[in-house]
Structures are given as C-alpha cells and as structure tokens.
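As a plain string of letters, each chain reads:
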Amino acid sequence: GITAPWWRDAIIYQVYLRSFADSDGDGVGDLDGLRSRLSHLVRLGVDGLWINPCYPSPGVDHGYDVADYLDIDARYGGLPAFDDMLAAAHESGLRVLMDLVPNHCSSAHPWFVAALAAQAGSPERERFVFRTGRGDQPPNNWRSVFGGPAWTRVGDTDQWYLHSFDPAQPDFNWRCPDVVEHFDKVLRFWFDRGVDGIRIDVAHMMVKHPDLPDWAFPADGSASYNEYAQNRPEVHDILRRWHYLAASYGRDLTLVGEIWVPTVTDLAQYLRPDELTQAFYFDLLKCRWSAAAFGASVERGLATIAATGASVTWTLANHDVHRSVTRYGLVRPSGIGTNDPFADELRGRGEIDLALGTARARAALLLVLGLPGSVYLYQGEELGLPEVLDLPDEARQDPIFFRSGGAEHGRDGCRVPLPWDASAPTFGFSTGPSWLPQPEWFGEYAVEAQWDQPSSSLVLHAAALSLRRSLLPALGAAPVEWLTVEGRDDILAYRRGRLTVVTVFGDEPFMPPASWGDVALASTPGAVPVPGNGSAWLLT
Ligand code: ISL
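1. Observations concerning the packing of helix H12 (residues 354-369) against helix H15 (residues 457-475)
Next, step 1: One way to put it is that H12 packs onto H15 with a least axis distance of 11 Å and a crossing angle of 10 degrees. Judged by the inter-axis angle, H12 sits roughly parallel to H15. Taking contact as the criterion, the partners of Arg362, Leu365, Leu366 and Leu369 in H12 are, on H15, Ser457, Leu460, His461, Ala464, Leu465 and Arg468.
Next, step 2: When grouped by side-chain class, the residues that make up the contact of H12 with H15 number 6 nonpolar, 2 polar and 2 charged.

2. Digging into the site of the ligand
Next, step 1: If you check the shell around the ligand, you find 17 residues, and the closest are Asp61, Asp201, Trp260, His319 and Asp320.
Next, step 2: Arg199 places a polar side-chain atom, nitrogen or oxygen, 3.1 Å from an oxygen atom of the ligand.
Next, step 3: At a separation of 2.5 Å, an oxygen atom of the ligand approaches a polar side-chain atom of Asp320.
Next, step 4: Out of a free accessible area of 490 Å², the ligand has 91% covered by protein chains.

3. A word on helix H4 (residues 110-117)
Next, step 1: Listed as buried for H4 are Trp111, Phe112 and Ala115. The arc that holds the buried residues of H4, viewed along the axis, is 95 degrees, so those residues lie on one side. Along H4, the residues that are exposed and aim more than 90 degrees away from the buried face are Pro110 and Ala117.
Next, step 2: Taken together, the buried residues of H4 touch helix H5 (123-126), strand S4 (130-132), strand S6 (159-162) and helix H6 (177-193).

4. Some thoughts on helix H7 (residues 235-247)
Next, step 1: Relative to the 18 Å expected for 13 residues at 1.5 Å per residue, H7 spans 19 Å between its end C-alpha atoms, a close match to the ideal helical length.
Next, step 2: The complete set of buried residues in H7 reads Val235, His236, Ile238, Leu239, Trp242, His243, Leu245 and Ala246.
Next, step 3: The inward-facing, buried residues of H7 abut strand S3 (95-100), H6, strand S7 (197-200), strand S8 (254-257) and helix H8 (264-269).

What counts, and at which threshold
- Residues numbered from 1 in each chain as written.
- Predicted model: local features only at pLDDT ≥ 70, side-chain atom pairs only at ≥ 80, totals over all residues.
- Heavy atoms only, no water.
- Axes fitted to C-alpha atoms, helices over the stretch in contact; angles between N-to-C directions.
- Helix = DSSP H or I, 4+ residues; strand = E, 2+ residues; numbered from the N terminus.
- Parallel < 35°, antiparallel > 145°, perpendicular 65-115°, else oblique.
- Contact = heavy atoms within 4.5 Å.
- Nonpolar A, V, L, I, M, F, W, Y, C, P; charged D, E, K, R; others polar.
- Near = heavy atom within 4 Å.
- Polar contact = N/O pair within 3.5 Å; in protein donor to acceptor, adjacent residues only side chain to side chain.
- Areas by Shrake-Rupley, 256 points an atom, 1.4 Å probe, with all protein chains shown as cover.
- Buried < 20%, exposed > 50% of the residue type's maximum accessible area, 1.4 Å probe, protein only.
- Arc of directions from axis to C-beta.
- Expected span 1.5 Å × (residues − 1).

If you want it as structure tokens, here you go:
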C-alpha cells in the first residue's frame, strides 16, 4: 500500500547550534556538542532536527550570512564533525534538516568580494542587485527588514547594492543563471551527504519586481508589506525546480519554506503538489491567548492548507520571536509590531505573569499536538524557558539591535545557551564562558533537574509526544470536529477519531463531560483536571 511520507506528521526539533551544547570550551555550541546530546532528543521523543545555518560565516547574522554554501564552519567542527553528527542522528532514528539561505549571502562570500572589485555592468556584479543611485539617494525607497534603507552605496561611486537584511547580507540576483546553477549544486551537495531535507530561509523573497519600483509605504511609518520585494510569481519557478531536484532522489526529502505572506491563501500557493512539501504556519504563532483567536487560526490553517493536500506545519516558537511562555504571560498588552506582534510590549511596556504564561504554553502544546500535521519545537521550548528580557546591551549581538540604534532589543533573548545541569558552570553548556550570558535563574530550567520532576515542562513534553506517537496510527487522516460547550466561548475543544482535546482560555472552572473520554494527559500537573485559565487535556 501507499505509506504517507515521514514528514507529514513529524515532530521536528529546531537546534540553534551555537546555543545548544559546546564541546570545546570556546563558549559557542558546535556539532560534537550536538552529537553528545542527541540522547536528549531521543528521550524527548522527536522525529528529527533542523539545524540553523552552520556554514562558514562571519556571523553578522549568526550564520544567515553564508560565505561558503559547500562547507561547515570550522568553529562548529567542519565537515567531519557534520558527517559524524549526521551518522549518529540517523543511527538514533532522527532525521536531519539543513537550513538553506538562498536570498542573500555574506558580503565575505567570494562572489560578492569579486563583484565589489569588478566594474559596474560586469558579469560579477550581475550575480547581485547593483543599480545606479538617484543623486545622493538609493535607487529606490525599499527598507531593510532589519531597519534603514535596503541599499548600500559602493564607496563613492554612483552604484548601490540591494540587501533585504543587513548590509553584510547582499541579495542574490535570481535572474542570473550562475545563481540558479550554483544552488542546484548546493542542494545536491547536501542531499548526497545524506540530509533528509532543508528548511528554506525566506523562500518567498528571492525574486524582486524587474523594475525595482518605489513601494508606497504609509506616511506614518507603520509596517507595510512591500509586494515588489517579495512573494513574486517567479519565485515559484525556483521552488518547482527544487521540487523536481529533490524528488529525483526518491527518498521523501522534505522542503520546508519559511514564508511570510499576507494570507494563508498566499501560503497555499507555495504548497502546490510540485513545489514545497511544507511551509511554517506562522499564523498561530502570532495569536494572542484567546479561544476565538486560536480557534479561527487553527480553522484557517486546516481549511486552506489542508485543501492543498499538504499537511499543516504548526509552530509556536522559533529563534526570531520572543519565547512562548513570556508571550503568553503578557497580562497587560499594548502595541502591535509586525512579525512579532509582542515585540513592543516585551520591550517593557507590558506586564508579564510567568506562572500564567507557563500554564498557557503547556496547554498550547497539547492543543497543537492533537492536530493533524507536523509540529516544529524550538530548543528550550521543551524546558519552558522564558525569554531573557534583561540582557545587558554590551552582550547583545543581533543586527536588529545595531541597525535600530538600540531602539529594538532584537532576538538575542530567545537565543541564550541552554541549561543542561543546574550545578555546573554555564549550567553544563560549555566549559568556557557562554557567548551570551545566562541569567542565574536559568538553572531552575536545567534538563537534568527537569527529568526528576514529574510536573516539569520536559516531562510533559515527553509524555505528550509519546502519547501522540502511540495514537497516530489510529488517528490516521481523521478530520478535526469542533465540540461546543453551552455558555463557554472560552473553551476550544475538538475531537479527532478517538482523541479529544480540550483547552480552557478563560478563568472559569471546567470539567470535561465523562462522555468525552478519560483524561490521558493534563497540561496542569496531577491526574485530576485542575480547572481554570490556561489548561488543556487530552482524552481518549
Ligand atoms: O526576525 C525578524 C524580524 O523581527 C523577521 O522579520 C525575520 O527577519 C524574518 O522572519 C526572516 O527570518 C529569517 O531570515 C533572516 C534571519 O535573520 C532569521 O533568523 C531567519 O529566520 C535573514 O536571513
């Protein structure tokens, strides 16, 4: 019979390598460190891991500025350490996904170095987006995602180059055949090495409008989706090319897109049968804690994405947004940002109740694990780690912090190295000082301590993943049916085959009716459902 590809309902653990585990004491996580801790992922019960970029890189954007797509940074152990880690992961039954960064490279990439040294109009410059400025001004009014103009002038010439992110991340010109051919080679290089798929960085951005016209940004400076700089029709041709390249391997490789588009209908375009296999469903990540918001978001995800035949790729956290227990702990929200709608509040204008945020994050976990589709977990999420909101400015490294002149705190607070052992220096992360300082309280979240606490976040995650694994064969393609509770619009409940999932978003106590099944797992510690704000149950 036909078996569904492994990635359709896989749980993938995101490894932010430089913060996972360090083997050599330089304070930066590496591949030997990851290999030595693979048993953590096995015990947690995930199906695979996605590693953030680990290619040679100056590290301006921690690896999202790639200087060589066909190698591994020496700091992480080079190619031999990568091969060892990959073999060990496979031996443990874990799949491994690489992170591909095709929109831009590092300004230290040999191609860009050559382009800067070459003349305007040369083939070297054709691989990037160089244009003549308008007097002293850039060629157009586009903005960098990290703040400021998307263009940097080449010395005192009239030429500028485009960078959608940091000036150290020049955008490729995807209309240039050299670029297309190079990335074919890059994909083959990693697939031949044995990786099981790739996560594609900003997979909607590679192609720009051919005329690079000004975008009509709102005069008040508010956020605006520049449709000339992203989500262009031609990007689908590239993804389709990669689809067939990956399919030619005949071993169910997955292509997971990181795609920020205005609607889920746009997102579905990337999941057509001959494009990506998966795309992160960020809609849910942006939801505030309310039954209406979560319910509508899940419904949109299921209706629109499931209609393509692809499975939904649920995600509640990653290395670009504030950690979920902190987001869900916001009790007095204020303004709204763009990709991280919580950014303003978490800069200090909101009020955070961590106990509440923790309870809600535990409930949200059960809510998504019962749904059809795959789930991505971000390292530390299984520990219930909060955001480190008070990193000293001197420690911050995110380009967003520098580009905004310190006005934005950036993403370092969710990237602080993991605590493994409460009693060891750097909590067992490294034998040297960690690249970002860990707060004193990180020890409370250490992996080893959590395994011994039945009520810990880690034990809940392991129990939930194990229960999910045992139920999956019976659930199959069972659809989600919503259950309503008279007079309780703060309750989100659904049934899927013999599984029922109930989440309470409000403050009123609630006891699931016996007819819904027996409680197999509760997000609140203890066997008996503890009713109230931020709790969920799996019933069978
Ligand atoms: O994190 C963001 C700003 O708060 C996002 O806009 C982010 O830049 C966007 O989601 C794209 O992210 C990806 O590409 C970036 C890299 O910095 C991110 O870490 C990566 O996930 C550029 O390569």
